[in-house]
Amino acid sequence: MARVYNFSAGPSMLAEDVLKTAAAEMLEYGESGQSVMEMSHRSKEYQAIFDETEANLREIMNIPDDYAVLFLQGGASTQFAMAPMNLMTKNGKADFIITGQWANKAFKEAARYGNAREVASSKDKTFSYIPKTTAADFDKDADYVHICMNNTIYGTKYNKLPDTNGVPLVADISSCILSEPIDVTKFGMLYAGAQKNVAPAGVTIVIIRKDLIGNAMDITPTMLNYATHYENGSMFNTPPCYSIYIAGLTLKWIKKMGGLEKMKELNEKKAKILYDFLDSSKLFKGTVVPEDRSLMNVPFVTGDEELDAKFVSESKKAGFLNLKGHRSVGGMRASIYNAMPIEGVEKLVAFMKKFEEENL
Ligand SMILES: *Cc1c(COP(=O)(O)O)cnc(C)c1O
């Protein structure tokens, strides 16, 4: 059977190169006589995989030395608690911009540990835009400001970062990590679950300014303290070894492709094909205001729920999988992460054109 074009929001497509290398190395990794899945995380072979993965992430994302890189478990959702437990500790308060379900979950979880404040929200229009803020909107005594950089469910993205009045910015970049260059120095902390754009589920990448580590609340469980993982090179306990290995293969693939500038160029090209079609279509339309559109997740509707369902069903038969929108918003969504080839998007648009002709 041929591989399908998988538009899933996550877990999602991995580069074919990555899967082929993983398959070739499945039984024996290098000269080790064993699969990476079977290796001791304390072995020389595994440490080399781990170190190379971190070094490549630092190189590709241009992460300065005063930032730590941690490979953790528990998904991005665990960071919704870890961030406040570790960072909301100077003045006990943090500011949140609510741009969707993930941002709201981060806000709700933080509110359990301190004074979390909603600064702005785009809930009034089903999160179809990024609310505008100015420096004056933020509390200069807040310990951090939290944003969700790319809103996976709604298809919005910060194309310009908020001015936070000097307060450290913490961002959930689960669905846009490695999709384009990002200036790490603008953030106190970045975090991402790997299953959207990096690796299979299991590893969560945290990039944190070192001076923000070591201030956790007394109640913080050892495993939820950034200091625990920083002081032990992310090996306080067994890390998600295999996911880290695949992340390493993805990073090598990105390097070979030409780095994040190149990924951005490719992602912009793919997104443009889809958005240009949506803007000209008489049947389909995008749901996000043009200036805040995501490069990674593209939601669209026909305006008729039955027709939406018919489209999802027929597209599946044609080999385009997982185009159904998130259960909370309906319609359709095409997630076009790094690993989605340009032909996948071109063929999807050709299919949409045909569907339009037949159903208008
Ligand atoms: C998928 C996603 C999450 C949830 O990630 P888990 O790893 O499942 O906890 C959080 N934030 C964003 C932006 C996401 O896309």
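This structure is a prediction, so every number in the text was calculated from the model and none was measured. (Residues numbered from 1 in each chain as written. Predicted model: local features only at pLDDT ≥ 70, side-chain atom pairs only at ≥ 80, totals over all residues. Heavy atoms only, no water.)

Caption draft 1: Molecular detail of the side chain of Thr-53. Mapped onto the secondary structure, Thr-53 falls in helix α2 (residues 44-61). Here Thr-53 is in contact with Phe-71, Ile-244, Ala-247, Gly-248 and Leu-251, once residues within four sequence places are set aside. (Helix = DSSP H or I, 4+ residues; strand = E, 2+ residues; numbered from the N terminus. Contact = heavy atoms within 4.5 Å.)

Caption draft 2: Here's a closer look at the site of the ligand. Inspection of the region around the ligand gives 13 residues, with Ser-77, Thr-152, Asp-172, Gln-195 and Lys-196 positioned closest. One of the backbone nitrogen or oxygen atoms of Ala-76 is found 3.0 Å away from an oxygen atom of the ligand. The contact in question runs from an oxygen atom of the ligand to an N or O atom on the side chain of Thr-152, over 2.4 Å. Contact with the protein chains covers 87% of the free accessible surface of the ligand, which is 390 Å². The element best represented in the shell around the ligand is helix α3 (residues 75-87), accounting for four residues. Along the lines of polarity and charge, the residues of the shell around the ligand split into four nonpolar, seven polar and two charged. (Near = heavy atom within 4 Å. Polar contact = N/O pair within 3.5 Å; in protein donor to acceptor, adjacent residues only side chain to side chain. Areas by Shrake-Rupley, 256 points an atom, 1.4 Å probe, with all protein chains shown as cover. Nonpolar A, V, L, I, M, F, W, Y, C, P; charged D, E, K, R; others polar.)

Caption draft 3: Up close: the sheet that holds strand β14 (residues 332-335). Overall, antiparallel pairing links the three strands, which are arranged β11-β12-β14 in an open sheet. Each of the sheet's edge strands pairs with one partner strand only, and the pair in question is β11 (285-286) and β14. As judged from the two bridges shared by β11 and strand β12 (residues 297-301), these two strands associate in the antiparallel manner. Residue pairing for β12: Gly-286 is matched across the bridge by Phe-300. (Pairing = 2+ DSSP bridges.)

Caption draft 4: Structural view of the nonpolar core. Met-61, Ile-173, Leu-178, Phe-284 and Phe-311 are the most contacted members of the largest nonpolar core, which totals 89 residues. Broken down by element, the residue count for this core peaks at 10 residues, all from helix α6 (residues 241-257). Taken together, domain 1 (5-9 + 259-359) and domain 2 (16-256) each give at least three residues to this core, which thus spans both. Membership of the second largest hydrophobic core comes to 30 residues, among which are Leu-70, Phe-96, Ala-110 and Met-217. (Core = buried A, V, L, I, M, F, W, Y, C linked by side-chain atoms within 4.5 Å. Buried < 20%, exposed > 50% of the residue type's maximum accessible area, 1.4 Å probe, protein only. Domains from an automatic or database assignment.)

Caption draft 5: Highlighting the packing of helix α7 (residues 259-280) against helix α9 (residues 342-359). Where α7 meets α9, the closest approach of the two axes is 9 Å, and the angle between their N-to-C directions is 10 degrees. Relative to α9, α7 is oriented roughly parallel. On α9, the residues that touch Lys-269, Lys-270, Ile-273, Leu-274, Phe-277 and Leu-278 of α7 are Ile-342, Val-345, Glu-346, Leu-348, Val-349, Met-352, Lys-353 and Glu-356. Its residues placed into classes, the contact of α7 with α9 shows nine nonpolar, no polar and five charged. (Axes fitted to C-alpha atoms, helices over the stretch in contact; angles between N-to-C directions. Parallel < 35°, antiparallel > 145°, perpendicular 65-115°, else oblique.)

Caption draft 6: Structural context of the packing of aromatic side chains. On inspection of all chains with the given rule, the structure shows 17 aromatic pairs. Considering the side-chain rings of Phe-50 and Phe-71, the 5.2 Å spacing of their centres and the 75 degrees angle between planes classify their relative orientation as edge-to-face. Of this pair, Phe-50 sits in helix α2 while Phe-71 sits in strand β2 (residues 67-72), placing them 21 residues apart in sequence. Among the residues examined, Phe-50 registers a relative accessible area of 3% and is labelled buried. Ring centres of Phe-284 and Phe-300 lie 5.8 Å apart, and the angle between their planes is 80 degrees; on these two criteria the pair is classed as edge-to-face. (Phe/Tyr/Trp six-rings, centres within 6.5 Å; stacked < 30°, edge-to-face > 60°.)

Caption draft 7: Molecular detail of the pairing of strand β4 (residues 115-121). As judged from the six bridges shared by strand β3 (residues 93-98) and β4, these two strands associate in the parallel manner. Residue pairing in the sheet places Ile-97 in a bridge with Ala-120 of β4.

Caption draft 8: Quick look at the domain arrangement of the chain. Domain annotation for the chain reports domain 1 (5-9 + 259-359) and domain 2 (16-256). Put simply, the middle of domain 1 and the middle of domain 2, counted by C-alpha atoms, are 27 Å apart. In this assembly, 26 residues from domain 1 lie in contact with 27 residues from domain 2. With both sides pooled, the region where domain 1 packs onto domain 2 buries about 2,200 Å², and carbon together with sulfur makes up 55% of that total. Joining domain 1 to domain 2, the criterion identifies two salt bridges. A salt bridge links Lys-264 to Glu-180, with the shortest nitrogen-to-oxygen separation between them at 3.6 Å. At the junction of domain 1 with domain 2, the criterion picks out 14 residue pairs in polar contact (both at pLDDT 80 or more). (Buried area = accessible area lost by both parts, 1.4 Å probe. Salt bridge = Lys/Arg side-chain N within 4 Å of Asp/Glu carboxyl O.)

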